[in-house]
Amino acid sequence: MVEDDRAIAEPMIEGLRREGFTVSWVGTGAEALIAAPSDLVLLDLGLPDMDGYGVCRQLRAGSSVPIIVVTARGAEVDKVVGLELGADDYLVKPFGFRELVARIRAVLRRTETQPASPPVEGPQDLGALVIDRRTRRVTVDGEERALTPKEFELLALLAEDPGAVVTRQQILEEVWDPHWYGPTKTVDVHVASLRRKLGHPEWIETVRGVGLRLAPGAPAP
Ligand code: CA
C-alpha cells in the first residue's frame with residue numbers, strides 16, 4: 001500500500017489483514033519504488049514526494065505487478081490516464097471497504113497466471129487394489145470390479161488416506177449428504193457389498209466405535 005495519509009491507511013490495513021491479506025505500507029513514491037516485490041500494489045496518486053502517475057509508470061516499467069490506483073481524483077480524464085499508465089483498476093475515494101476487497105480479488109483473479117494444463121491424476125496404486133478416480137474404475141489383482149456409484153465413492157474416500165480411520169459420520173457427510181441425520185446402517189450395508197465385490201473382506205477393517213479403515217493387501221503372487 002502506497003498511501004501518505006495515516007488516517008486512511010490504518011483502517012484499510014487493519015481491514016485487509018482481517019481479510020487475510022499481508023499488507024506492507026509505505027508513505028512515499030520513492031519508498032514504493034524500492035519496496036520488496038508484492039502480489040499487488042494499492043497506489044494513492046496524491047503523494048508528498050512525487051506524482052502517483054510517475055510511480056505507476058515506473059513500477060510498470062520494471063514489473064507486471066497488478067496496480068490498483070486509489071485516489072480522490074475522480075475526473076474521467078484521470079481514470080483514463082491511470083489505466084493507460086498501466087494501472088489494472090481504479091478506485092475513487094471515498095469507497096466502501098467491501099468494494100476495495102472485491103476489486104483486489106478481481107484483479108488478482110484476472111492477473112493470476114493460469115497453469116498450462118491441469119495435472120493428470122493417475123490411478124492410485126495400493127498393491128492388489130488400484131483405484132482410478134478419473135475413469136471411476138477399480139481393479140483387484142488386475143481384474144475390474146463393477147461398483148455402484150456410492151460404493152465407488154465410499155472406497156475412494158477410504159483410499160484418500162489408506163490406514164487412517166474414517167468415521168461413519170464423515171462417510172455419511174461426504175458420500176451421502178452433508179445434512180444426514182438418519183441411521184448409519186446405510187454405511188454398513190454398502191460396506192458389506194463393497195467387501196463382497198472386492199473379494200477381500202479384511203481390506204476394509206471396522207474399528208469398533210470409531211469407523212472404518214482401508215488396509216489393502218499386497219498383490220497376488
Ligand atoms: Ca494522498
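Conventions and cut-offs
- Residues numbered from 1 in each chain as written.
- Predicted model: local features only at pLDDT ≥ 70, side-chain atom pairs only at ≥ 80, totals over all residues.
- Heavy atoms only, no water.
- Axes fitted to C-alpha atoms, helices over the stretch in contact; angles between N-to-C directions.
- Helix = DSSP H or I, 4+ residues; strand = E, 2+ residues; numbered from the N terminus.
- Parallel < 35°, antiparallel > 145°, perpendicular 65-115°, else oblique.
- Contact = heavy atoms within 4.5 Å.
- Salt bridge = Lys/Arg side-chain N within 4 Å of Asp/Glu carboxyl O.
- Buried < 20%, exposed > 50% of the residue type's maximum accessible area, 1.4 Å probe, protein only.
- Donors = N, O, S within 2.8 Å, 3.2 Å for Na, K, Ca; no water.
- pLDDT = per-residue confidence, 0-100.
- Left-handed = near helix turned anticlockwise from the far one by under 90°.
- Nonpolar A, V, L, I, M, F, W, Y, C, P; charged D, E, K, R; others polar.
- Pairing = 2+ DSSP bridges.
- Core = buried A, V, L, I, M, F, W, Y, C linked by side-chain atoms within 4.5 Å.

With respect to the packing of helix α6 (residues 149-159) against helix α8 (residues 185-198)
(1) Moving on: α8 packs onto α6 with a crossing angle of 85° between their chain directions and a minimal axis gap of 10 Å. Taken as axis vectors, α6 and α8 run roughly perpendicular relative to one another. Residues K150, E151, L154 and L155 of α6 pack against H190, V191, S193, L194, K197 and L198 of α8.

Quick notes on the pattern of salt bridges
(1) Moving on: Applying the stated criterion across every chain, the model contains 15 salt bridges.
(2) Moving on: A salt bridge links R18 to E14, with the shortest nitrogen-to-oxygen separation between them at 3.2 Å. In this pair, R18 and E14 both sit in helix α1 (residues 6-18), four residues apart, roughly one turn of the helix. With respect to burial, R18 and E14 carry one shared label: exposed.

Thoughts on the coordination of the calcium ion
(1) Moving on: On the protein side, the calcium ion has D4 (OD), D44 (OD) and G46 (O) as donor atoms, found 2.2 to 2.4 Å from it.
(2) Moving on: The motif formed by the donor residues of the calcium ion, counted along the single chain, is D-x39-D-x1-G.

As for the confidence of the model for the chain
(1) Moving on: On average, residues of the chain score 85 in pLDDT, and 87% of them reach the 70 mark or higher.
(2) Moving on: The secondary structure element of the chain with the lowest average pLDDT is helix α4 (residues 76-84), at 70, and the one with the highest is strand β7 (residues 143-145), at 95.

What about the packing of α6 against helix α7 (residues 168-176)?
(1) Moving on: Where α6 contacts α7, the axes come no closer than 10 Å and their chain directions differ by 125°. Considering their axes alone, α6 and α7 lie oblique with respect to each other. Between α6 and α7 lies a crossing whose hand is right-handed. Residues K150, E153, L154, L157 and L158 of α6 touch α7, and the partners they reach there are Q170, I171, E174, V175 and W176.
(2) Moving on: Considered class by class, the residues forming the contact of α6 with α7 number six nonpolar, one polar and three charged.

What to know about the sheet that holds strand β10 (residues 211-214)
(1) Moving on: With antiparallel pairing, three strands are arranged side by side in an open sheet as β8-β10-β9. Looking at strand neighbours, the two that pair on one side only are β8 (165-167) and β9 (204-207), the edges of this open sheet. Direction aside, the axes of adjacent strands within the sheet are offset by 35° on average.
(2) Moving on: Sitting on the sheet, α6 is in contact with β8, β9 and β10, with an inclination near 75° to β10.
(3) Moving on: Contacts from α7 reach β8 and β10, with the element oriented near 70° to β8.

Considering the nonpolar core
(1) Moving on: If you look at the biggest cluster of nonpolar residues, it comprises 27 residues, and the most contacted ones within it are L129, L155, I171, L198 and L214.
(2) Moving on: Mapped onto this core, the elements with two or more residues apiece are β5 (129-132), β6 (137-140), α6, α7, α8 and β10.
(3) Moving on: Per-element accounting of this core gives the leading share, seven residues, to α6.
(4) Moving on: Discounting chain neighbours no more than four positions away, the residues touching L214 are L126, L129, L155, L158, A159, P162, G163, W203 and I204.

Things to note about the sheet that holds strand β1 (residues 41-44)
(1) Moving on: Overall, parallel pairing links the three strands, which are arranged β1-β2-β3 in an open sheet. In the strand order of this sheet, the two ends are held by β1 and β3 (89-92), each with one partner. This sheet shows a mean twist of 25° between the axes of neighbouring strands, independent of strand direction.
(2) Moving on: Bridge count for β1 against strand β2 (residues 67-71) is four bridges, and the pairing is parallel. Pairing of V41 across the sheet is with I67, part of β2.
(3) Moving on: Where helix α5 (residues 97-111) meets the sheet, it contacts β1, β2 and β3, and its direction lies at approximately 175° from that of β3.

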